[in-house]
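# Chain and residue survey
The lines below spell out each chain.
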Amino acid sequence: GEIEQAASELRRVVGHSPWFSDAHYNLATALEKLGSKRQAAEHLRRYIDLETHTPESNSPWLEEARARLHRLGAQAQE
């Protein structure tokens, strides 16, 4: 139940602060664990979009997000 609670809280944060990239990344993680791959991919895309417009766009988290998004896309094709 903790992952569902975390996802609920992160949805609230994203709704209140849609520019908070870390909330999108963490919500994607929770949604992926809950099996909501499409929604997880949406939040990873938003994270990537937000992060590519910041000075720290070489972040290893950004590369991880891209790899996860690619993996989610491949899973959707199966």
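So, how was this worked out
- Residues numbered from 1 in each chain as written.
- Predicted model: local features only at pLDDT ≥ 70, side-chain atom pairs only at ≥ 80, totals over all residues.
- Heavy atoms only, no water.
- Helix = DSSP H or I, 4+ residues; strand = E, 2+ residues; numbered from the N terminus.
- Buried < 20%, exposed > 50% of the residue type's maximum accessible area, 1.4 Å probe, protein only.
- Contact = heavy atoms within 4.5 Å.
- Areas by Shrake-Rupley, 256 points an atom, 1.4 Å probe, with all protein chains shown as cover.
- Axes fitted to C-alpha atoms, helices over the stretch in contact; angles between N-to-C directions.
- Parallel < 35°, antiparallel > 145°, perpendicular 65-115°, else oblique.
- Left-handed = near helix turned anticlockwise from the far one by under 90°.
- Nonpolar A, V, L, I, M, F, W, Y, C, P; charged D, E, K, R; others polar.
- Core = buried A, V, L, I, M, F, W, Y, C linked by side-chain atoms within 4.5 Å.
- Phe/Tyr/Trp six-rings, centres within 6.5 Å; stacked < 30°, edge-to-face > 60°.
- Lys NZ or Arg CZ within 6 Å of the ring centre and 35° of its normal.

### Concerning the overall build of the protein
A count of helices and strands for the protein gives four helices and zero strands. For the protein, the sequential pattern of α-helices and β-strands runs α-α-α-α. Across the 78 residues of the protein, 35% fall into the buried class. A fraction of 46% describes how many contacts in the protein between residues 6 or more apart in sequence connect residues 24 or more apart. Here the protein has roughly 5,200 Å² of accessible surface; of this, 51% comes from carbon and sulfur atoms.

### With respect to the packing of helix α2 (residues 21-33) against helix α3 (residues 37-51)
When two helices pack together, their arrangement is captured by the angle between the axes and the distance separating the axes. Two numbers describe how α2 lies on α3: the axes approach to 8 Å, and their chain directions differ by 160°. Considering their axes alone, α2 and α3 lie roughly antiparallel with respect to each other. In terms of crossing hand, the pair formed by α2 and α3 is left-handed. Two secondary-structure elements touch here, α2 through Ser-21, Asp-22, His-24, Tyr-25, Leu-27, Ala-28, Leu-31 and Glu-32 and α3 through Gln-39, Ala-40, His-43, Leu-44, Arg-46, Tyr-47, Leu-50 and Glu-51. Residue composition of the contact of α2 with α3, by class: eight nonpolar, four polar and four charged.

### Side note on the nonpolar core
Counting residues in each nonpolar core, the largest one holds 18 residues, and the members touching the most others are Leu-27, Leu-44, Tyr-47, Ile-48 and Ala-65. Those elements giving two or more residues to this core turn out to be α1 (2-16), α2, α3 and α4 (60-77). A per-element tally of this core places α2 first, with six residues.

### Examining the packing of aromatic side chains
One pass over the full model with this rule turns up two aromatic pairs. Taking 5.6 Å as the distance between ring centres and 75° as the angle between the ring planes, the aromatic pair formed by Tyr-25 and Trp-61 counts as edge-to-face. Of the two residues, Tyr-25 sits in helix α2 while Trp-61 sits in helix α4, which places them 36 residues apart along the sequence. Residue class for Trp-61 comes out exposed when judged on its relative accessible area of 52%. Taken together through their ring pairs, the aromatic side chains of Tyr-25, Tyr-47 and Trp-61 make up a single cluster. Sitting above the plane of the Tyr-25 ring, Arg-68 keeps its charged end 4.9 Å from the centroid.

### Here's the deal with the packing of α1 against α2
Taken N-terminus to C-terminus, the directions of α1 and α2 make an angle of 150°; their axes are 9 Å apart at the nearest point. Considered as vectors, α1 and α2 are oriented roughly antiparallel to each other. Between α1 and α2 the crossing geometry is left-handed. Judged by residue contacts, Ile-3, Ala-7, Leu-10, Arg-11, Val-13 and Val-14 of α1 engage Ala-23, His-24, Asn-26, Leu-27, Ala-30, Leu-31 and Lys-33 from α2. Residues that form the contact of α1 with α2 fall into these classes: nine nonpolar, two polar and two charged.

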